[in-house]
Amino acid sequence: MRRADRLFHIIQLIRGRRLTTASYLAQRLEVSERTIYRDIADLQLQGVPIEGEAGVGYRLKSGFDVPPLMFTLNEIEALAIGARMVEAWGGPVLAESARTAIEKIVAALPADRRLAVEQTRLYAPGFHVDRKAMQQLEAVREAIGERRVLRLDYRDAGNKPSAREVWPLALYFWGGAWTIGAWCESRDDFRNFRVDRVAELVALERRYPDQQGRRLADFLRAMQAR
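Quick look at the overall build of the protein chain now. Scanning the protein chain for helices and strands turns up eight helices and seven strands. Over its C-alpha atoms the protein chain spans a radius of gyration of 22 Å, topping by over 25% the 17 Å that the globule rule assigns to 226 residues. If you line up the protein chain on its principal axes, its C-alpha atoms span 65 × 45 × 30 Å. For the protein chain, the accessible area works out to roughly 13,800 Å², and carbon and sulfur atoms hold 52% of it. Side chains of the protein chain carry 36 positive and 30 negative charges; the gap between the two charge centres is 2 Å.

Put into structure tokens, the structure is as follows:
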């Protein structure tokens, strides 16, 4: 990457976060932290209002902006296939949002870039997707956002039924199936539940607390340990 491009990317990365460390920038741009410190100092000398210091993090003063970088053809294809995947696998609300988002992006592109979106040959067919599971996906998303307990009528891999009340923490897509990462009240432990194995799902009025040891970060640590 040319240095001028790297400086532009540093501004874009800092602009998109409340506080950005040199370590994060170095990892994203595949350079040393020393290079990042030097680049930040140069940007500040050029008048870019970057606040912060080494070891703490950086941020841009409010009101500063730069024009967006034009998408490359690879970036356009990445956006197109990402939107098509969400259309097929993201549930009806996310599917419509993906369609409108790509329409807005395409409308802002020059003619040759718009043609690249139309001609891309990357697809995510949705004709084999379980529509009931996708409807349930929306209910799970809402429950996660509202911190509502879910009651599940669930069947495991051996088709054994069980009734669970769970704290939904996150949704994970595995390239063919969605799973709910949750704290299970019945098992008093973290569990994963495949959305397409949920026979019935009800979001309860009861909300679950932000309890230490049962948060998403705790779930991720537990899954990694297993």
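A few words now on the nonpolar core. Ranked by internal contacts, the top residues of the largest apolar core, which has 23 residues, are Leu150, Leu152, Val166, Leu171, Trp178, Ile180 and Phe193. Residue assignment for this core shows that the elements contributing at least two residues are helix 4 (73–89), helix 7 (131–146), strand 3 (148–155), strand 4 (161–173), strand 5 (178–184) and strand 7 (198–207). By residue number, the principal contributor to this core is helix 7, which donates five residues. What Leu150 contacts, discounting residues up to four positions off in sequence, is Val140, Ala143, Arg164, Glu165, Val166, Pro168, Leu201, Val202 and Ala203. Leu13, Ala22, Ile36 and Tyr58 belong to the second-largest nonpolar core, a separate cluster that totals 16 residues.

Where two aromatic rings form a pair, the distance of their centres and the angle of their planes describe that pair. Following the criterion strictly, the structure yields eight aromatic pairs and no others. With 5.4 Å between their ring centres and 10° between their planes, Trp167 and Tyr208 make a pair best called stacked. Placement of Trp167 in strand 4 and of Tyr208 in the loop between strand 7 and helix 8 (216–225) is noted, with a sequence separation of 41 residues between them. Overall, the relative accessible area of 5% leaves Trp167 in the buried class.

With that settled, the discussion passes to unusual backbone geometry. Most peptide bonds adopt trans geometry, and most residues besides glycine take a negative phi value. One non-glycine residue, Glu30, lies in the positive phi region at around 60°. Residue position: Glu30 is located in the loop between helix 2 (22–29) and helix 3 (33–45). With relative accessibility at 74%, the residue Glu30 sits in the exposed group. A positive phi angle, close to 50°, is found at Asp188, a residue other than glycine.

Once that is clear, we can look at the environment of Met1. By the secondary structure assignment, Met1 is in the segment before helix 1 (3–15). Sequence separation between Met1 and Leu29 is 28 residues, and the spatial gap between their C-alpha atoms is 8.6 Å. Look past the residues within four positions of Met1 in its chain and what remains in contact with it is Arg6, His9 and Leu29.

This next bit is on the environment of Trp178. Tracing the backbone through its elements, the reader meets Trp178 in strand 5. Linking Trp178 and Phe193, residues 15 residues apart in sequence, is a C-alpha distance of 8.4 Å. Not counting residues within four places of it along the chain, the set of residues in contact with Trp178 comprises Trp89, Gly90, Met134, Leu137, Leu171, Tyr172, Phe173, Phe193, Arg194 and Val195. In this structure the side chain of Trp178 is engaged in a polar contact, spanning 2.6 Å, whose partner is the backbone oxygen of Trp89.

The subject of this paragraph is the pairing of strand 5. Here strand 5 lies mainly inside the structure; seven of its seven residues are buried. Burial along strand 5 is two-sided: Trp178, Ile180, Ala182 and Cys184 facing one way and Thr179, Gly181 and Trp183 facing the other are all buried. The antiparallel pairing of strand 4 with strand 5 creates a hairpin that spans four residues between the two strands, and Gly175 there sits at a positive phi of about 70°. In this structure, strand 5 lies alongside strand 6 (residues 189–194), joined through six bridges in antiparallel fashion. Pairing of Ile180 across the sheet is with Phe193, part of strand 6. Taking the residues that link successive antiparallel strands as the turn, the strand 5-strand 6 hairpin has four residues, and the phi of Asp188 there is positive, at about 50°.

Definitions and cut-offs
- Each chain has its residues counted from 1, following the order in which its sequence is written.
- Two thresholds apply to this predicted model, a pLDDT of at least 70 for residue-level local features and 80 or more for giving and counting side-chain atom pairs, whereas whole-chain, interface and lining totals are computed over all residues.
- Heavy atoms throughout the structure, all of them, feed into the side-chain values; hydrogens and water do not.
- Each helix corresponds to a stretch of at least 4 residues labelled H or I by DSSP, and each strand to a stretch of at least 2 residues labelled E; elements are numbered beginning at the N terminus.
- C-alpha atoms define the radius of gyration, and 2.2 Å times the number of residues to the power 0.38 defines the globule rule.
- All accessibility values rest on the Shrake-Rupley procedure with a 1.4 Å probe; residue burial counts only the protein chains present in the view.
- In this tally Asp and Glu are treated as negative and Lys and Arg as positive; neither His nor the chain ends contributes.
- Lys charges are placed at NZ, Arg charges at CZ, Asp charges at CG and Glu charges at CD.
- Nonpolar core, defined: a set of buried Ala, Val, Leu, Ile, Met, Phe, Trp, Tyr and Cys residues in which side-chain atoms within 4.5 Å join the residues together.
- Buried means the residue's accessible area, taken with a 1.4 Å probe over protein chains only, is under 20% of the maximum for its type, while exposed means over 50%, and partly exposed covers the values in between.
- Any two residues whose heavy atoms approach within 4.5 Å at even a single point are treated as in contact.
- When the centres of two rings from Phe, Tyr and Trp lie within 6.5 Å, Trp using its six-membered ring, the rings pair. Their planes under 30 degrees apart give stacked, over 60 give edge-to-face, and anything left gives tilted.
- For the purposes of these results, a polar contact is taken to be a pair of N or O atoms within 3.5 Å, where, inside protein, one atom must be able to donate a hydrogen and its partner to accept one; residues adjacent in sequence count only when each atom of the pair is a side-chain atom.
- At least two DSSP bridges between two strands are needed for those strands to be called paired.

Just distances and angles here, no functional claims.
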